[in-house]
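Secondary and tertiary structure notes
Residue-level listing of the chains:
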Amino acid sequence: MADWSKLPYDIIHKVSTYLVVIEDFLAFSAVCNSWHSVYVAKQWHPRPQVPMLMFSDYENSSFRSFISLYRNKVYNLELPEVHGRRCWGSSLGWLLTIGDDLKIRLLNPFTRVSVSLPPKSSLQIHFGEILDWYDIIQKAFIFRNPCTSGRNEEDLVVLIIYGPLKQLALCRPGYSSWRSIKEANHAGFIDVACLKDQIFALRDMGTLVVVDIESLAVVDVNGQRHPQHVALSLLPQWDWEQLFLVESCGDLWIVYQYHCNSHRRYHSIESIEFLIYSFDFSKKQWIRLSSLGNRAVFVGDHCSVATCASDFLNCKGDCVYFVGARTEQRWPYSDVHVDLGVYSMVKGSCKRLGFGADAPKCYSFPLWVTPTLY
């Protein structure tokens, strides 16, 4: 029998370049020490990955399950670092977690690297005494610093929407406290996305702003210090929180999720529909899209991601994959029955995203997380 560990390093590295998804590379790196050396050297450069869905089956469990659309398979990972903690996913593979100890951390669930962030006590929370620990943070976002090209933990920028007023705060690994983003109008924030070298945020009532991470202030897309309202047509004002801000191949999209009133089963998963708009930076207006081409969008109450569907098996282009909104309201008191669906833009219809016997019955918040190693 051949001794695979004796292969020359350049051949081992060449083999690794044919691997598409991270779960294959992790299996590859576990073959033996010489194969693992490719992982240690960080010389494997994966293609963009399709997000996985992370959930937990049971209360007080240290295991988290990850559904791979690429393999149509469930992977169970033991992650004691997230036991009893609320998590948020990201497009960079990191989870942000908080527990009843009020400590906030980053964790890469695939490499088990953990990074401490400033504690909850450094957040400027109005009416914070009325919040339970799992309600402090509403959304979390993890980006690479737009001003650097590094791939280390020190190059991460973390933003959170937090508190009853939906304030925005920022930190980086090594900071001793969270730094609040100054906002003169005291409008709450809905969602955040990173496009090229800028971080954009969507405020209540649809105002699109740029977050200046150096001055800790917001400006409008023209660079003015007093952001102007950018209207979205056809959307009722009370549905602003059903908007998701998504970066897609250099474009900035808004994804609007709603229930169709005319559907015979209103509020069923089949009644969910989507409108998607792309921001025209020259005209400073949102343009409705009739098709996404070969791109797929993944949205939920946490991280929202767009990817090129043609690169992956079992991932369809011109579709929106979604986790039913506000599924966490009953957590942590009982399990959460989750709507997992896929909406076809061309058909204008939605169907349940099924996994057969592996269909999740979630106790923790279900969330999208894009696997990364570095």
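Please read all numbers here as calculations on a predicted model, not as lab measurements.

Rules used in this analysis
- Residues numbered from 1 in each chain as written.
- Predicted model: local features only at pLDDT ≥ 70, side-chain atom pairs only at ≥ 80, totals over all residues.
- Heavy atoms only, no water.
- Helix = DSSP H or I, 4+ residues; strand = E, 2+ residues; numbered from the N terminus.
- Buried < 20%, exposed > 50% of the residue type's maximum accessible area, 1.4 Å probe, protein only.
- Core = buried A, V, L, I, M, F, W, Y, C linked by side-chain atoms within 4.5 Å.
- pLDDT = per-residue confidence, 0-100.
- Contact = heavy atoms within 4.5 Å.
- Lys, Arg positive; Asp, Glu negative; His and termini not counted.
- Salt bridge = Lys/Arg side-chain N within 4 Å of Asp/Glu carboxyl O.
- Pairing = 2+ DSSP bridges.
- Axes fitted to C-alpha atoms, helices over the stretch in contact; angles between N-to-C directions.
- Phe/Tyr/Trp six-rings, centres within 6.5 Å; stacked < 30°, edge-to-face > 60°.

With respect to unusual backbone geometry
Non-glycine residue leucine 102 carries a positive phi angle of around 65°. Relative to the assigned elements, leucine 102 resides in the loop between strand E5 (95–98) and strand E6 (104–107). Phi at leucine 216 is positive, roughly 55°, even though this residue is not glycine. Within the secondary structure, leucine 216 is located in the loop between strand E14 (208–212) and strand E15 (217–220). Residue classification places leucine 216 among the buried positions, given a relative accessible area of 15%.

Re the nonpolar core
Of all hydrophobic cores here, the largest spans 24 residues; its most connected members are Leu96, Leu106, Ile160 and Trp178. Phe25, Tyr39, Leu95 and Leu373 belong to the second largest nonpolar core, which has 21 residues in total.

Notes on the confidence of the model for the protein chain
Summing up the model confidence of the protein chain, the mean pLDDT is 80 and the portion of residues at 70 or higher is 79%. Every residue in residues 326–330 scores below 50 in pLDDT, and together they form 13 contacts with partners more than four places removed in sequence or on other chains.

Notes on the side chain of glutamate 273
With respect to the secondary-structure elements, glutamate 273 resides in strand E18 (residues 272–280). Although glutamate 273 is buried, it forms no salt bridge, and the closest oppositely charged side chain is arginine 288 at an N-O distance of 7.3 Å. Ignoring any residue separated from it by four or fewer positions in sequence, one finds glutamate 273 in contact with Tyr256, Gln257, Tyr258, Cys260, Tyr343 and Gly348.

Focus: the sheet that holds E6
Taken in spatial order, the four strands of this open sheet run E4-E5-E6-E7, and their pairing is antiparallel. Taken across any chain shown, the strands that pair with only one partner, and hence form the sheet edges, are strand E4 (86–88) and strand E7 (114–116). On average, each strand axis in the sheet is tilted by 25° relative to the strand beside it, whichever way the strands run. Bridge count between E4 and E5: three bridges; the pairing is antiparallel.

Considerations on the pairing of strand E13 (residues 198–203)
Along E13, five of the six residues are buried, which leaves the element largely enclosed by surrounding structure. As paired elements, strand E12 (residues 189–195) and E13 share six bridges and run antiparallel to each other. Paired with alanine 193 across the two strands is phenylalanine 200, which belongs to E13. Hairpin remark: E12 followed by E13, antiparallel, with two residues in the connecting loop; positive phi at lysine 196, about 55°. Pairing geometry for E13 and E14, over four bridges, is antiparallel. Within E14, the position partnered with phenylalanine 200 by the bridge is valine 210.

With respect to the packing of aromatic side chains
Evaluated as defined, the whole model comprises 10 aromatic pairs. Taken together, a centroid distance of 5.3 Å and an interplanar angle of 15° make the contact between tyrosine 256 and tyrosine 258 stacked. The exposure class of tyrosine 258 is partly exposed, given its relative accessible area of 22%. Measuring from centroid to centroid gives 5.0 Å for phenylalanine 298 and tryptophan 368, while their planes differ by 75°, and the two rings are edge-to-face. Of this pair, phenylalanine 298 sits in strand E20 (residues 295–299) while tryptophan 368 sits in strand E25 (residues 367–369), placing them 70 residues apart in sequence. The two residues phenylalanine 298 and tryptophan 368 agree in class, both being buried. The rings of Phe200, Phe279, Phe281 and Trp286 are connected pair by pair, giving a single aromatic cluster.

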